[in-house]
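Residue-level listing of the chains:
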Amino acid sequence: MSENKLNEAINTLKDSGVRITPQRHAVLDYLLNSTIHPTADDIYKALEGKFPNMSVATVYNNLRVLREIGLVRELTYGDSSSRFDCNTTEHYHIICDACGRIVDFHYPTLDEVESLAEQVTGFDVSHHRMEIYGKCEDCQQLQTQKH
Ligand SMILES: [Zn+2]
Ligand SMILES: [Zn+2]
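In this text the structure is predicted, and so the values were computed from the model without any measurement. (Residues numbered from 1 in each chain as written. Chains lettered and ligands numbered in written order. Predicted model: local features only at pLDDT ≥ 70, side-chain atom pairs only at ≥ 80, totals over all residues. Heavy atoms only, no water.)

So, the coordination of the zinc ion (ligand 1)
Selection criterion: Sites may look incomplete, because water is not among the atoms used; the donor set itself consists of N, O and S atoms within 2.8 Å of the metal (3.2 Å for Na, K and Ca). Key to geometry: four donors with every angle between 85 and 135 degrees are tetrahedral; four donors are square planar and six octahedral where opposite donors lie over 155 degrees apart and all remaining angles lie between 65 and 115; all other sites are irregular. What counts as a helix is a DSSP run of H or I of at least four residues, what counts as a strand is a run of E of at least two, and both are numbered from the N terminus. Burial status follows relative accessibility: with a 1.4 Å probe on protein chains alone, a residue under 20% of its type maximum counts as buried, one over 50% as exposed, and anything between as partly exposed.
Every protein donor of the zinc ion (ligand 1) is accounted for by Cys-96 (SG), Cys-99 (SG), Cys-136 (SG) and Cys-139 (SG), and the metal-donor separations fall at 2.3 Å. If you look at the zinc ion (ligand 1), its four donor atoms make angles of 103 to 116 degrees with each other, and the shape they trace is tetrahedral. Along the chain, the residues that donate to the zinc ion (ligand 1) are spaced as C-x2-C-x36-C-x2-C. With Cys-99 in the loop between strand E3 (92-96) and strand E4 (102-105) and Cys-139 in helix H6 (residues 137-146), this pair connects stretches of sequence that are 40 residues apart. Here Cys-139 falls in the buried class, since its relative accessible area comes to 12%.

The structure is reproduced here in structure tokens:
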């Protein structure tokens, strides 16, 4: 199934005239098979064995290209490193306070919040972001083991 997603993504790259370098291919493949919403650093660490000449800057560069053609979303969290998500369908995130893991979950889009905000403030709303915070199952287990 992820092979199909990879092929689809490669076709999108081809259609937008973006050159498919081995690194770009590897970054995309890694992202498509990852559910942790990695940082550029995570991706770099995972691929440096395969591409010893690759730098974090190259990873960033590739991520920027992928973001510009809509294959990857960048999630920013204040001063901490951006996380990257190749699930570009509408979804929300739940974030673990303890380990920082980000997990996708689906919920009907809260469109009514957007129209309410628009009515109340007169803004032209472009999008909204909602995050739920808590402790993931692994971290809960770790906590009980300690006691
Ligand atoms: Zn956790
Ligand atoms: Zn996500």
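After presenting the structure, the write-up continues.
Side note on the domain arrangement of the protein chain
Put simply, the rule is: Domain start and stop positions are those given by an automatic or database domain assignment. We call two residues in contact whenever any of their non-hydrogen atoms come within 4.5 Å of each other. Reported buried area values correspond to the accessible surface (1.4 Å probe) lost by two parts on association, with both partners' losses combined. What makes a salt bridge here is a side-chain nitrogen of Lys or Arg within 4 Å of a carboxyl oxygen of Asp or Glu, nothing more.
Per the domain assignment, the segments making up the protein chain are domain 1 (1-88) and domain 2 (89-147). Spacing between the C-alpha centres of domain 1 and domain 2 amounts to 22 Å. Every contact between the two is made by eleven residues of domain 1 and, on the other side, 13 residues of domain 2. With both sides pooled, the region where domain 1 packs onto domain 2 buries about 890 Å², and carbon together with sulfur makes up 39% of that total. Looking only at domain 1, the three residues that lose the most surface to domain 2 are His-37, Tyr-77 and Asn-87, adding up to 51% of its buried area. Between the two partners, domain 1 and domain 2, sit zero salt bridges.

With respect to unusual backbone geometry
Positive phi, close to 55 degrees, is recorded for His-37, a residue that is not glycine. With respect to the helices, strands and loops of the structure, His-37 is situated in the loop between helix H2 (22-32) and helix H3 (40-47). A residue is classified by how much of its surface remains accessible, and His-37, at 3% relative accessible area, is buried.

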